[in-house]
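The residues making up each chain are set out below.
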Amino acid sequence: MKLNRRHFMSGVAAAAVLPLARPAFASEKGLIAIITPSHDNPFFKAEAVGAEARAVELGYQTLVMVHDDDPNKQSELFDTAIARGANAIILDNAGADATVAAVQRAKDAGIPSFLIDREIKESGIAVSQIVSNNYQGAQLGAEEFVRLMGEAGNYVELVGREADTNAGIRSSGYHDIIDQYPDMVMVAQQSANWSQTEGYEKMETILQANPDIKGVICGNDTMAMGAWAALEAAGRTDVIVVGFDGSNDVRDSILAGGIKATVLQPAYRQAQIAVEQADMYLTSGATGQDEKQLMDCVLINGDNAAKLETFALSA
């Protein structure tokens, strides 16, 4: 399916997509479509739950849909949102390049998009792009990783999905810190596509080829959980693992003495802010904010992990 098509889906295509949608009914204020990657990842589920809850609080109906990081499916879901007469779209996108045409198509139909978590490579199409400061967060994680490693040792990096801008930003943030330490030696760097299963498989293979590794730094918590499971299975619980996201699973691992640290990006609140800006835009014609907005991340380790719940840190 071409991403730049300008006609709605056929009835057959629509029928294939609509089972993914979960409508929630509120008042007559209008409809907000919420589109994210798979809810199998708790980070993306937190986005959807946060956005839906805030939209209902503000008086909107919601249509929650999942694109599974498939740009073609995302394009179909945009057509569904347009066909349903959505007033706004909240989106965690399926690719920085591949998403531009869909957001433009919605804009042409008079539907503003509010992006969270992942940017697209064009400005002036979406109304808001609210993302975590991935570079700042990665530097926090890298500083903790270096400290835990004692500034020396062989390590592995598991990188996220290569089409995702955040994967590259986080990796750059990691290396801008780690590479300052000549005794820190990266012996393997592989993409595990944000996946726990792939994180396990890649870690298992890397460990066989590099049994002397001392640490693993990961682009997200899901890959970190997979890597830690592989290390546990191999009896290598001495290996230092650091993740990124601030999930409850990694929180629990930290508290149990497993994974050592992660970096919290506030998924739930970020999604709520996007809905609040959508409401402001729909009621006043402006958000009062720049299109590109950064939210700082917070280091999570044994000192504060107990205060973490569903991608939010309590006081």
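The coordinates are above.
Residues numbered from 1 in each chain as written. Predicted model: local features only at pLDDT ≥ 70, side-chain atom pairs only at ≥ 80, totals over all residues. Heavy atoms only, no water.

Asker: What is the right way to read the side chain of asparagine 301 from this model?
Answerer: Assignment of secondary structure puts asparagine 301 in the segment after strand 13 (298-300). Reaching out from asparagine 301, the side chain makes a polar contact with the backbone nitrogen of aspartate 303 at a distance of 2.9 Å. Beyond its immediate stretch of four places on either side in the chain, asparagine 301 contacts Glu144, Ile254, Lys260 and Ala261. (Helix = DSSP H or I, 4+ residues; strand = E, 2+ residues; numbered from the N terminus. Polar contact = N/O pair within 3.5 Å; in protein donor to acceptor, adjacent residues only side chain to side chain. Contact = heavy atoms within 4.5 Å.)

Asker: Can you help me understand the side chain of glutamate 47 in this one?
Answerer: Secondary-structure assignment places glutamate 47 in helix 2 (residues 42-57). Of the side chains with opposite charge, arginine 118 comes closest to the buried, unpaired glutamate 47, at an N-O distance of 7.0 Å. Here glutamate 47 is in contact with Thr36, Pro37, Asp92, Ile116, Asp117, Ala267 and Ala271, once residues within four sequence places are set aside. (Buried < 20%, exposed > 50% of the residue type's maximum accessible area, 1.4 Å probe, protein only. Lys, Arg positive; Asp, Glu negative; His and termini not counted. Salt bridge = Lys/Arg side-chain N within 4 Å of Asp/Glu carboxyl O.)

Asker: In this structure, what is going on with the packing of helix 3 (residues 71-83) against helix 4 (residues 100-108)? I would like to understand it.
Answerer: When two helices pack together, their arrangement is given by the angle between the helix axes and the distance between those axes. In contact at an axis separation of 10 Å, helix 3 and helix 4 are set at 10° when each is read in the N-to-C sense. Our classification of the angle between helix 3 and helix 4 gives roughly parallel. Each of Ser75, Phe78, Asp79 and Ile82 in helix 3 lies in contact with helix 4, whose residues at this interface are Ala102, Val103, Arg105 and Ala106. Counted by class, the contact of helix 3 with helix 4 contains five nonpolar, one polar and two charged residues. (Axes fitted to C-alpha atoms, helices over the stretch in contact; angles between N-to-C directions. Parallel < 35°, antiparallel > 145°, perpendicular 65-115°, else oblique. Nonpolar A, V, L, I, M, F, W, Y, C, P; charged D, E, K, R; others polar.)

Asker: Explain the nonpolar core here, please?
Answerer: Soluble, globular proteins show a tendency: their nonpolar side chains are buried together. Counting 34 residues, the largest nonpolar core has Leu158, Met203, Val216, Cys218, Leu231 and Val241 as its most contacted members. Mapped onto this core, the elements with two or more residues apiece are helix 2, strand 7 (153-159), helix 7 (196-209), strand 9 (215-218), helix 8 (221-233) and helix 9 (248-255). Here the element with the most residues in this core is helix 8; it accounts for seven residues. Once you skip the residues sitting within four places of it in the chain, valine 216 turns out to touch Phe145, Val156, Leu158, Met203, Ala227, Leu231, Val239, Ile240, Val241 and Val242. Residues Phe78, Ile82, Ala86 and Ala126 belong to the second largest nonpolar core, which totals 21 residues. (Core = buried A, V, L, I, M, F, W, Y, C linked by side-chain atoms within 4.5 Å.)

Asker: It is not clear to me how the sheet that holds strand 9 should be interpreted in this structure. Could you clarify?
Answerer: Pairing between the strands of a sheet comes from backbone hydrogen bonds, and it takes one of two forms, parallel or antiparallel. The four strands lie next to each other as 8-7-9-10, forming an open sheet whose pairing is parallel. The two strands at the open ends of the sheet, each matched to only one other strand, are strand 8 (184-191) and strand 10 (240-242). Adjacent strand axes in the sheet meet at a mean angle of 20° when their direction is disregarded. Examined bridge by bridge, strand 9 and strand 10 share three bridges and lie parallel to one another. Each bridged residue has a counterpart across the sheet, and for isoleucine 217 the counterpart in strand 10 is valine 242. Together, strand 7, strand 8 and strand 9 form the strand contacts of helix 6 (residues 165-178), whose direction differs from that of strand 7 by roughly 165°. (Pairing = 2+ DSSP bridges.)

Note that all results are geometric; they support no functional claim without further evidence.
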